[in-house]
Amino acid sequence: MNNIPSGFNQDFLWGGAVAACQVEGEYAKDGRGLSSSDIHKYDPEINRGLIEKEGGGTLAEIQEAIDDKLGYYPKRQGINFYHTYKADLALLKEMGFKTFRTSISWSRIFPKGDELVPNEAGLAFYDDLIAEIIRLDMEPIITMSHYDIPLHLITEYGGFANRQVIGFFKRYAEVLLKRYKGKVKYWIVFNQVNLVPVVQFGSLGIYEGQGENMEELMYQAVHHQFLAAAETKALGKIIDPKAQIGTMLADCTFYPATCDPQDVVLTMARNRMQYYFSDVQLRGSYPGFALKYFADQQIDIKVEPGDEALLKENTMDFLAISYYASKIISAKTNSMDPNTFEQNPYLEPTPWEWRMDPLGFYHCLSQYWDRYQVPLLIGENGFGAIDNVEAGTINDDYRIDYYRQHIEQLKRCAEEGVKLIAYCAWGPIDIVSSSSAEMSKRYGFVYVDYDDFGQGSGQRIKKKSFDWYRQVIASNGNQLD
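My aim in this report is to walk through the structure given alongside it, one point at a time. Computed from a predicted model, the values in this text were never measured in an experiment. (Residues numbered from 1 in each chain as written. Predicted model: local features only at pLDDT ≥ 70, side-chain atom pairs only at ≥ 80, totals over all residues. Heavy atoms only, no water.)

## Side note on the overall build of the chain
So, point 1. Regarding its fold elements, the chain presents 15 helices and twelve strands.
So, point 2. Taking the principal axes of its C-alpha atoms as reference, the chain extends roughly 60 × 55 × 50 Å.
So, point 3. Within the chain, buried positions represent 60% of all 481 residues.
So, point 4. At a minimum sequence separation of 6, the contacts of the chain that also span at least 24 residues come to 78%.
So, point 5. Total accessible area on the chain is roughly 19200 Å²; 49% of this is exposed by carbon and sulfur atoms.
So, point 6. Each charge class in the chain was averaged separately, 48 positive and 65 negative side chains, and the resulting centres sit 5 Å apart. (Helix = DSSP H or I, 4+ residues; strand = E, 2+ residues; numbered from the N terminus. Buried < 20%, exposed > 50% of the residue type's maximum accessible area, 1.4 Å probe, protein only. Contact = heavy atoms within 4.5 Å. Areas by Shrake-Rupley, 256 points an atom, 1.4 Å probe, with all protein chains shown as cover. Lys, Arg positive; Asp, Glu negative; His and termini not counted. Charge placed at Lys NZ, Arg CZ, Asp CG, Glu CD.)

Pasting the structure below:
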């Protein structure tokens, strides 16, 4: 009754997270096929405050990107992690990392996605990478699909809108589970499964103009991803019962703009349609409010015999969360359209209009814990900023301030008994931005000398935040000054 936690457990995993498509480079090395990330072209005229989609386009535009010899596609280069991973991981180990989250590029393992036999050269890279993570005494957290779908599955099959792709993913997941049995304990099946339609191309493999009712097509593809995750969990129970298999949300918990009941109720409805993604995967069935929404919008999701039993019998083991900022909802200007929202006037913006809200971190984690009572894993949290190198150093006090305030709120959750697995700072080393394909949007504790066009030495430079995060880890979150 009186056993109140005083902070983070001793086995809490401090570390950081990246994605294969944003760091590896060598997009055609050792038989790797093209993926959805490889056609995200850098646009120097991009409106940073209003990014409506990440890559993609119509079939014609996809083919144009494939044939383009002049444009720059940053995710094809990343930060050259394919060759520098040992030195980069050594820097993370120097900070004291206890875990490292990354993803596996599906098209390195199955270049087209529909092959029967995996690409051994691609697997060999991940054999070495995972072995190095373990050698450095870090717990690998591996995402199976992080906006990196084989392009062939998109252009030829229509991505996850096609039920056949479930089988292709199951084959891929089976290879990974068998190959890394006993080496990888924590698997995230799909990155930020709810972050659609902004990344429906990279997440679901849906291209523009694919169907007459794109919203219906999107939710059908999401249903197929739910089934693919459940199939993965079913495989995991047989292949590696000790493995923990989870789902992941990008936190989109909104505040009402005012205490006007119209704002409050619309905000509740919007939040519930975010919870729907985790409700299905953690509770094992579609919630009534989602079914009512689909009926009201005349969205007909094709559910085949056995689907509901598969979901019910194979719920996820944990919930991973990415959290960066918060937004608000006004009934006067917004609707159930997930692209409609307002910025919070009480919070300060970044150049990308991501408004820092540490209390929002506490708020959303508390809601997830109360709702699901499953372990939470912070898969991403970080501060993207324009860093300046002055006399060979980067004084990023603004980043330290962001992390300090968010870790304080995370500790508050721990003290209230929320079961927490890990904290993965996003982009512990500078990487290509997922949303804008920039290098100048920097998150890392380590600076990487590349510009937005991939020019530079690639040199790694420790920022001021490097030593700060090292002391946070060494003190298990108790020393934040």
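We are not done yet, so read on.
## Considering the packing of aromatic side chains
Between two aromatic rings, the relevant description is the distance of the centres plus the angle of the planes.
So, point 1. Following the criterion strictly, the structure yields 44 aromatic pairs and no others.
So, point 2. Ring centres of Phe-8 and Phe-12 lie 4.8 Å apart, and the angle between their planes is 25°; on these two criteria the pair is classed as stacked.
So, point 3. When its relative accessible area of 2% is taken as the criterion, Phe-12 is described as buried.
So, point 4. Over the face of the ring belonging to Phe-341 we find Lys-327, whose NZ or CZ atom lies 5.0 Å from the ring centre.
So, point 5. Residue placement shows Lys-441 over the ring face of Trp-354; its charged tip is 3.7 Å from the ring centre. (Phe/Tyr/Trp six-rings, centres within 6.5 Å; stacked < 30°, edge-to-face > 60°. Lys NZ or Arg CZ within 6 Å of the ring centre and 35° of its normal.)

## Some words on the sheet that holds strand β2 (residues 99–103)
So, point 1. A barrel is described by the order of its strands in space; here eight strands give the closed sequence β1-β2-β3-β4-β5-β7-β9-β10, paired in parallel fashion. The average undirected angle you get between the axes of adjacent strands in this sheet is 25°.
So, point 2. Across three bridges, the pairing between strand β9 (residues 376–381) and strand β10 (residues 420–426) is parallel. What sits directly across from Leu-377, in β10, is Ala-422.
So, point 3. Where helix α5 (residues 120–135) meets the sheet, its contacts fall on β2 and β3 (139–145), and the angle it forms with β3 comes to roughly 150°. (Pairing = 2+ DSSP bridges. Axes fitted to C-alpha atoms, helices over the stretch in contact; angles between N-to-C directions.)

## Side note on a nonpolar patch on the surface
So, point 1. A contiguous nonpolar patch, built from Val-264, Val-265 and Met-268 and spanning about 250 Å² of accessible area, is present on the exposed surface.
So, point 2. For Val-264, the position within the fold is in helix α10 (residues 261–283).
So, point 3. Taking the relative accessible area as the measure of exposure, Val-264 reaches 38% and is therefore partly exposed. (Patch = residues over 30% accessible without salt bridge, like charges linked within 9 Å, V, L, I, M, F, W, Y side chains within 5 Å. Salt bridge = Lys/Arg side-chain N within 4 Å of Asp/Glu carboxyl O.)

## Overview of the side chain of Asp-251
So, point 1. Its location among the elements puts Asp-251 in the loop between β5 (244–250) and β6 (254–256).
So, point 2. In terms of polar contacts, Asp-251 uses its side chain to reach the side chain of Thr-253, at 2.6 Å.
So, point 3. Side chain to side chain, Asp-251 and Tyr-368 meet in a polar contact 2.6 Å long.
So, point 4. For Asp-251, the contacting residues outside a window of four places in its chain are Ile-321, Ser-322, Tyr-323, Cys-364 and Tyr-368. (Polar contact = N/O pair within 3.5 Å; in protein donor to acceptor, adjacent residues only side chain to side chain.)

## What to know about the pairing of β10
So, point 1. Most of β10 is tucked away: seven of the seven residues are buried.
So, point 2. On the question of chirality, the crossover connecting β9 to the parallel β10 by way of helix α14 (residues 397–415) is right-handed. (Right-handed = clockwise from strand over helix to strand, strands pointing away.)

## A look at the pattern of salt bridges
So, point 1. Counted under the stated rule, the structure contains 29 salt bridges.
So, point 2. Connected through shared salt-bridge partners, Asp-387, Asp-396, Arg-399, Asp-430, Arg-442 and Lys-463 make up one network.

## Considerations on unusual backbone geometry
So, point 1. Positive phi outside glycine occurs at Tyr-147, with the angle close to 55°.
So, point 2. Relative to the helices and strands, Tyr-147 is located in the loop between β3 and α6 (151–157).
So, point 3. Accessibility expressed as a relative area gives 6% for Tyr-147, which makes it buried.
So, point 4. For Ala-391, which is not a glycine, the phi torsion comes out positive at approximately 55°.
So, point 5. For Ala-391, the location among the structural elements is in the loop between β9 and α14.

## Some remarks on α5
So, point 1. Taking 1.5 Å of rise per residue, the 16 residues of α5 would be expected to cover 22 Å, and the 22 Å separating its terminal C-alpha atoms lies within 8% of that figure.
So, point 2. Buried within α5 we find Gly-122, Leu-123, Phe-125, Tyr-126, Leu-129, Ile-130, Glu-132 and Ile-133.
So, point 3. Check the buried side of α5 and you find it contacts α1 (20–23), α3 (81–94), β2, α4 (106–109), β3 and α7 (164–179).
So, point 4. In the segment just after α5, Asp-137 is the residue with positive phi, at about 65°. (Expected span 1.5 Å × (residues − 1).)

## Regarding the environment of Ala-124
So, point 1. As for its position among the elements, Ala-124 is in helix α5.
So, point 2. Accessibility expressed as a relative area gives 32% for Ala-124, which makes it partly exposed.
So, point 3. Separated by 94 residues in the primary sequence, Ala-124 and Asp-30 have C-alpha atoms spaced 9.7 Å apart.

## Examining the pairing of strand β7 (residues 319–323)
So, point 1. Extensive coverage of β7 is indicated by the burial of five of its five residues.
So, point 2. Along β7, one buried face is formed by Leu-319, Ile-321 and Tyr-323 and the opposite face, lined by Ala-320 and Ser-322, is buried too.
So, point 3. With four bridges joining them, β5 and β7 adopt parallel strand pairing. Residue pairing in the sheet places Leu-249 in a bridge with Ile-321 of β7.
So, point 4. Strand direction decides the pairing type here: β7 and β9, joined by five bridges, are parallel. From the neighbouring strand, Leu-319 faces β9, where its bridge partner is Leu-376.

## What about the packing of α14 against helix α15 (residues 464–474)?
So, point 1. It is the contact of α14 with α15, at a shortest axis distance of 9 Å, that shows an interaxial angle of 20°. One element, α14, and the other, α15, form an angle in the roughly parallel class. Both α14 and α15 take part in a crossing whose hand is right-handed. Contacts between α14 and α15 involve Asp-397, Arg-399, Ile-400, Tyr-403, Arg-404 and Ile-407 on the former and, on the latter, Lys-464, Ser-465, Trp-468 and Val-472.
So, point 2. Its residues assigned to classes, the contact of α14 with α15 comprises five nonpolar, one polar and four charged. (Parallel < 35°, antiparallel > 145°, perpendicular 65-115°, else oblique. Left-handed = near helix turned anticlockwise from the far one by under 90°. Nonpolar A, V, L, I, M, F, W, Y, C, P; charged D, E, K, R; others polar.)

## A look at α3
So, point 1. At Ala-87, α3 shows its largest bend, some 35°.
So, point 2. Along α3, the positions that sit buried rather than exposed are Phe-81, Tyr-82, Thr-84, Tyr-85, Asp-88, Leu-89, Leu-91 and Leu-92.
So, point 3. Gly-96 sits one or two residues past α3 and shows a positive phi near 95°. (Bend = angle between axes of the 7 residues up to and from the residue.)

Note that every value here comes from positions in space, so none of it alone points to a role or purpose.
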